[in-house]
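Okay, here's what each chain looks like letter by letter:
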Amino acid sequence: MDRNDLLEIKEKELASRKKFTLRCCMAAGCVSSNAEAVKARLEKTVADLGLANEIEVRRVGCMRLCCEGPLVQADPQVALFERVTPESAMTIVGALNGGPASVSKADPHHPFFTKQLSIVLANSGVVDPERIESYIAADGYLALHDALTEMTPREVVDAMVKSGLRGRGGAGFPTGLKWGTVAKSPGAKKYVICNADEGDPGAFMDRSVLESDPHSILEGMAVAAYAVGADQGFIYVRAEYPLAISRLQTAIKQAKQFGVLGSGIFASPFNFTVDIRIGAGAFVCGEETALMSSVEGRRGTPRPRPPFPAESGLWNCPTLINNVETFANVPAIIRKGAEWFASIGTAKSKGTKVFALAGKITNTGLIEVPMGTPLRTIVEEMGGGAPDGGKIKAVQTGGPSGGCVPAEALDTPVDYESLTKLGSIMGSGGMIVMDDSTQMVDVARFFMEFCMDESCGKCIPCRAGTVQMHSLLTKIIQRKATARDLATLEELCDMVKHTSLCGLGQTAPNPTLSTLRFFRKEYEALLQPEALGGHASGAEAKLPVAT
Amino acid sequence: MLEHASGDKRFKMLEVHMKKHQQRHDALIEVLHKAQELFGYLEDDLLLFIAAKLALPPSRVYGVATFYHFFTLKPKGEHTCVVCMGTACYVKGADKVIAAVQDAVKVKPGETTANNKLSLLTARCIGACGIAPAVVYDGTVTPRQTPEAAVERIRKWM
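The shown structure was predicted, so the numbers you read here are calculated from the model rather than taken from an experiment.

Parameters at a glance
- Residues numbered from 1 in each chain as written.
- Chains lettered and ligands numbered in written order.
- Predicted model: local features only at pLDDT ≥ 70, side-chain atom pairs only at ≥ 80, totals over all residues.
- Domains from an automatic or database assignment.
- Contact = placed C-beta atoms within 7 Å.
- Helix = DSSP H or I, 4+ residues; strand = E, 2+ residues; numbered from the N terminus.
- Nonpolar A, V, L, I, M, F, W, Y, C, P; charged D, E, K, R; others polar.
- Expected span 1.5 Å × (residues − 1).
- Pairing = 2+ DSSP bridges.
- Axes fitted to C-alpha atoms, helices over the stretch in contact; angles between N-to-C directions.
- Parallel < 35°, antiparallel > 145°, perpendicular 65-115°, else oblique.
- Buried ≥ 20, exposed ≤ 12 C-beta atoms within 10 Å, placed from the backbone.

Let us look at the domain arrangement of chain B. Reports often express the size of an interface as the amount of accessible area lost when the parts come together. Split into domains, chain B comes out as domain 1 (9–67) and domain 2 (79–155). Measuring from the centre of the C-alpha atoms in domain 1 of chain B to the corresponding centre in domain 2 of chain B gives 30 Å.

As a further point, take the domain arrangement of chain A. All names here are of chain A. You can read the domains of chain A as domain 1 (17–114), domain 2 (139–342), domain 3 (352–437) and domain 4 (441–524). In this structure, domain 3 and domain 4 have C-alpha centres spaced 22 Å apart. Of the residues lining the interface, nine residues belong to domain 3; the matching set on domain 4 comes to 14 residues. Among the elements that line the side of domain 3 that touches domain 4, the one with the most residues is strand β12 (residues 403–406), at three residues. Of the residues contributing to the side of domain 3 that touches domain 4, the split by class is four nonpolar, five polar and no charged.

Residue and element names in this part refer to chain A. Tracing the chain through its elements places G427 in the loop between α17 (416–421) and β13 (430–435). For the pair G427 and L165, spaced 262 residues apart in sequence, the C-alpha separation works out to 15 Å. Setting aside anything within four residues of it in sequence, one finds G427 in contact with G170, D200, T397, G398, G399, S401 and G402.

Turning our attention to helix α19 (residues 460–477) of chain A. Residue and element names in this part refer to chain A. Here α19 contains 18 residues, and its C-alpha end-to-end distance of 25 Å stays within 8% of the 26 Å for a straight helix at 1.5 Å per residue. Structurally, α19 contributes buried residues whose contacts are with α18 (440–454), α20 (483–499), α21 (503–507), α22 (510–518) and α23 (520–524). Two residues or fewer after α19 comes R479, characterised by a positive phi angle close to 60°.

In this section: the environment of I50 of chain B. Residue and element names in this part refer to chain B. Along the polypeptide, I50 turns up in helix α3 (residues 44–54). Distance from I50 to C125, taken between C-alpha atoms, is 30 Å for residues 75 residues apart in sequence. Leaving out residues up to four positions away in the same chain, I50 has contacts with V31, A35 and V61.

End to end, helix α12 (residues 242–257) of chain A covers 23 Å across 16 residues, agreeing with the expected 22 Å (1.5 Å per residue, within 8%). Of the residues trailing α12 of chain A, G259 of chain A is marked for its positive phi of about 75°.

A few words on the interface of chain A and chain B. Counting residues at the interface gives 38 residues for chain A, matched by 33 residues for chain B. Contributing elements (two or more residues each) for the side of chain A that touches chain B: α2 (28–31), α13 (288–295), β9 (352–359) and β13 of chain A. With three residues, β9 of chain A is the single largest residue contributor to the side of chain A that touches chain B. Among the residues forming the side of chain A that touches chain B, the class breakdown is 17 nonpolar, 14 polar and seven charged.

Before going further, it helps to spend a moment on the sheet that holds strand β7 (residues 273–278) of chain A. Residue and element names in this part refer to chain A. Reading across from one edge, β7-β6-β5-β8 is the order of the four strands in this open sheet, with parallel pairing throughout. At either margin of the open sheet sits one strand with a lone partner, and together these are β7 and β8 (319–323). With direction set aside, neighbouring strand axes in the sheet form an average angle of 20°. By the bridge criterion, six bridges tie strand β6 (residues 232–237) to β7 in an arrangement that is parallel.

All names here are of chain A. Relative to each other, helix α7 (residues 142–150) and helix α11 (residues 214–228) sit at 10°, their axes nearing to 9 Å. Looking at the two axes, α7 sits roughly parallel to α11. Contacts between α7 and α11 involve A143, L144, A147 and L148 on the former and, on the latter, E219, A222, V223 and Y226.

Moving on to the environment of A394 of chain A. All names here are of chain A. Looking at the element boundaries, A394 is found in strand β11 (residues 392–397). Given 27 C-beta atoms within 10 Å, A394 falls into the buried group. Each C-alpha atom, one on A394 and one on D436, is 8.5 Å from the other, the two residues being 42 residues apart in sequence. Not counting chain neighbours up to four residues away, the residues in contact with A394 comprise C404, V405, P406, A407 and M434.

Residues and elements named next belong to chain A. Strand order in this open sheet of four strands is β2-β1-β3-β4, and the pairing throughout is mixed. Two strands close off the open sheet at either side, each with one partner strand: β2 (55–60) and β4 (79–81). Across the sheet, the mean angle separating the axes of adjacent strands is 20° when strand polarity is ignored. Pairing of strand β1 (residues 20–25) with β2, which is carried by six bridges, proceeds in the parallel orientation. Note on β2: the bridge partner recorded for C24 is R59.

Here it is in structure tokens:
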């Protein structure tokens, strides 16, 4: 396999394209809305009408507007059909020739589509995730080829540094710096791990990328492995994502067949194999040291850092761990150049970010926007605001480790620093919109319950602290708490935040702290006045109830 | 090599799987996944079998099996109903769905009905946030569930 072979596959693939294409979204959201049957019926209709030479029915990944699935895009540029049913197949085929379709069309000029800028999702909804040829036709594996044959590992690391790419898993650590550290760490054996343990409830960006464009992850990992000197990779993916797992398995098999994974890739001395490790439902395994412990087949408990995985990770070897979206950015950066990437976004947050927009919002689905886009643009323009005339109250980012950004702060640009300043975090990209029917104390308790259940139990501040904070929040909701309880809650938040071993405990108080900061009145409205003397339980019951 | 005394073919299949991983200790989670797929749940005898075959202390196998939510040490009912309790589903009323189901079948999440027909479970987020609230009936993800629709669906199984 060399560059010409890649280009030849691309040519052949493009030459086989037909006059019309019906791209059917086959990502998990649409599949659970009956997309399989829609695709089968479209294929049958095309065959029955004898139009197989003119129309291609293609399986593709996510086409973003998940709430209106199953989605079918009719090309060239006819329309994006929403909520397609098998019965409407005939009219959709007819629409290719200008006929009326019996299902509604999405408005391509809606900000939901026009404000997107696709780097990570560039192939999503375009290539067939189960055919490597389709990925190669979109210039797939060219970046790996060029890195291996035209760049030294050092130059690849430098390109990552220059691009300004930062970790998309949430913390925003500079990717180039991390790669450089692993590359410099001594050791004959090194590993690359892709963290696909997307545990934040409300986040589904990584799932979509894995289901829609699995080869981009493999290519990104291979480039990383070359840069740091690793020959073995692992993808740690959640068991809850069966479709993503199966597409990854298919992708790895095809990549091996085509010689873009394995030994002597592109006739260079570089070898790289990738294995899948399936998680088993533990949120803490998103933390890198816990994840490595799980890859080694143990309980997923974190350990203190340093040593950082870059120096001593999997089986005590230097290990590079990056998130799915981080790896998905890599091929484009190599292909189009670090300067191009660095020209997108803000001074300190480069490139784009994919968000999973969900909750009380009209348009739910996936969006990819340049860093620095104001939250208001995302939520009100692209998302279309709250449905049914509701009013947006807050936007939750970062899941159980993040916080709630109140409606007043919607003009905040999304970048790592601005969100941190508001007491939230960028997180992996879950963005849940809440309207005025949502009680913020309930939300705080919801996340605390999550952290309490998911605490691995290794360190006491997290194990015991989350239980105590949860019971205090419950007490507040049951209107049995006093101002003193609230003070205790705040004290505990501070203690757990500063003394827990890993990120789970350190960030567990965030949803509570941020709702306390912006919606303190909701807490205070639930408080009871202090009992006189503090212990007369009989007298306490007779005190007037604050409303 | 010792055979499992029961002569159950599934043990043989599990052994083949372990061999595929060369009995490596780091494949323990993969092996447990396979075991649960074959047997439906992980009973003590099965965990001891895995421990012996992988040459691991039973405490390590038990420790791993009980650490992860995905593994279950109790048999499941004939059907499963998994209500997603992710944030998006939660703000769109998953709490009402689970309350209605709980009320209809009189079991709590994580339990199985007395007639062994249904196991009620919750999930932390199945990533189907675009179609919230989602419920998984016997492995099929179903979008936009209401309490009424969920109860109607599981009544058919009872």
